[in-house]
Each structure stands twice: as C-alpha cells, then as structure tokens.
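Chain by chain, the residues run as shown.
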Amino acid sequence: MTVLYIDADACPVKDECYRVAGRHGVEVVVVANAWLASVPRGPGFRQVTVGDALDAADDWIADHATAADVVVTADVPLAGRCVKAGATVLAPNGRGFTADSIGMDLAVRNLMTDLRAASPTERVGGGPKPFSQKDRSAFLQALHEAIVRLKRASD
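Here we summarise the structure given alongside this text.

Reading guide: rules and limits
Residues numbered from 1 in each chain as written. Predicted model: local features only at pLDDT ≥ 70, side-chain atom pairs only at ≥ 80, totals over all residues. Heavy atoms only, no water. Buried < 20%, exposed > 50% of the residue type's maximum accessible area, 1.4 Å probe, protein only. Helix = DSSP H or I, 4+ residues; strand = E, 2+ residues; numbered from the N terminus. Pairing = 2+ DSSP bridges. Right-handed = clockwise from strand over helix to strand, strands pointing away. Axes fitted to C-alpha atoms, helices over the stretch in contact; angles between N-to-C directions. Parallel < 35°, antiparallel > 145°, perpendicular 65-115°, else oblique. Left-handed = near helix turned anticlockwise from the far one by under 90°. Contact = heavy atoms within 4.5 Å. Nonpolar A, V, L, I, M, F, W, Y, C, P; charged D, E, K, R; others polar.

What follows is about the pairing of strand 2 (residues 27–32). Counting buried residues along strand 2, five of its six residues qualify, which places the element largely inside the surrounding structure. Two strands pair when backbone bridges link them, and strand 1 (residues 3–7) and strand 2 are joined in this way by five bridges, in the parallel orientation. In the sheet register, D7 faces strand 2, and the bridge partner there is V31. In this fold, strand 1 hands off to helix 1 (residues 14–24), which returns the chain to strand 2; that crossover is right-handed. Both strand 2 and strand 3 (residues 45–49) contribute to a ladder of five bridges, which runs parallel. What sits directly across from V30, in strand 3, is Q47.

See below:
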C-alpha cells in the first residue's frame, strides 16, 4: 500500500497533499520537528514528531520510505536517500527527483553550499524563487500522476 510521506516543517503544499491523498485513499504521514495543529485528524492521517535534532525528520522518512511510497521534500540530500530506496520523490513545485537526476541535484546543492560558505557576506545564488500558483498546480498534477502510477503497479 502506498504511503505519502511529507517532510513537513517548511512544506508549502501540505493541504494539497491531504486533498490528493484523500481522493486516492492513500495514507499520509506528516513528519516534523514540532507538533503541527493543521494536520487532519482521522483515519489515513498520522503525524510523527521527531524532536529538534538535526536531520531527525529526514532520518525518520529515509528509514521508512519504500519503493511503493511517495515522499514530498525540497531537501535534496533527503531526496537522494529516498530515491536510493526506490521511492517516488517530488519537490513542492512538482519536479521529480529521479535516479537519473539526483546526482546532478546533489552536486548543484553542494556547490551552492560551498559558494555561500566561501562568501558569507555576499548573496550567492539569490535563493529560491517565490513559490507560485503555477508551482502549486504542477505539484498537484505530479502528485496525482505518481499516486496513480504506484496504484497501477501494485494491482
């Protein structure tokens, strides 16, 4: 059975995840460092609070995600760990992390981290672009397609 794991602390598409998962009857596991009051109560929804240790939420998700699951995260190292486990991994803008793309994603992330560390007083890379309605729509479509694909594969 497919489970939708949400790396929830800074996720801008939690509500969209709840709606799509509810339509498809997919269990949702919301993983965060602190309690989130906005997580729906009831069957099919579970919240895991992992505490504030560095990467605690990432570690929990990576330890539980399987090839039957979908993970929603903007965290590239976590995405890499979940792709390695065979999970379908989506960024909040709908972009999929895949076995073919994750190496480059990690390299770019590491390069930007190194550049920021080398020039702490300068803005390197400008940060992420503002989250848009187009990103939200792309995410909804990608999540729907991922769940449908996984459900078909399990039949």
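From this point, the discussion proceeds with the structure in view.
A word on the packing of helix 1 against helix 5 (residues 133–154). Put simply, helix 1 and helix 5 touch, their axes get as near as 10 Å, and they point 30° apart. It follows that helix 1 is roughly parallel to helix 5 by the angle criterion. In this structure, helix 1 meets helix 5 at a crossing whose hand is right-handed. Here helix 1 contributes E16, C17, R19, V20 and H24 to the contact with helix 5, which in turn contributes R136, F139, L140, L143, H144, I147, V148 and K151. For the contact of helix 1 with helix 5, the residue count by class is seven nonpolar, two polar and four charged.

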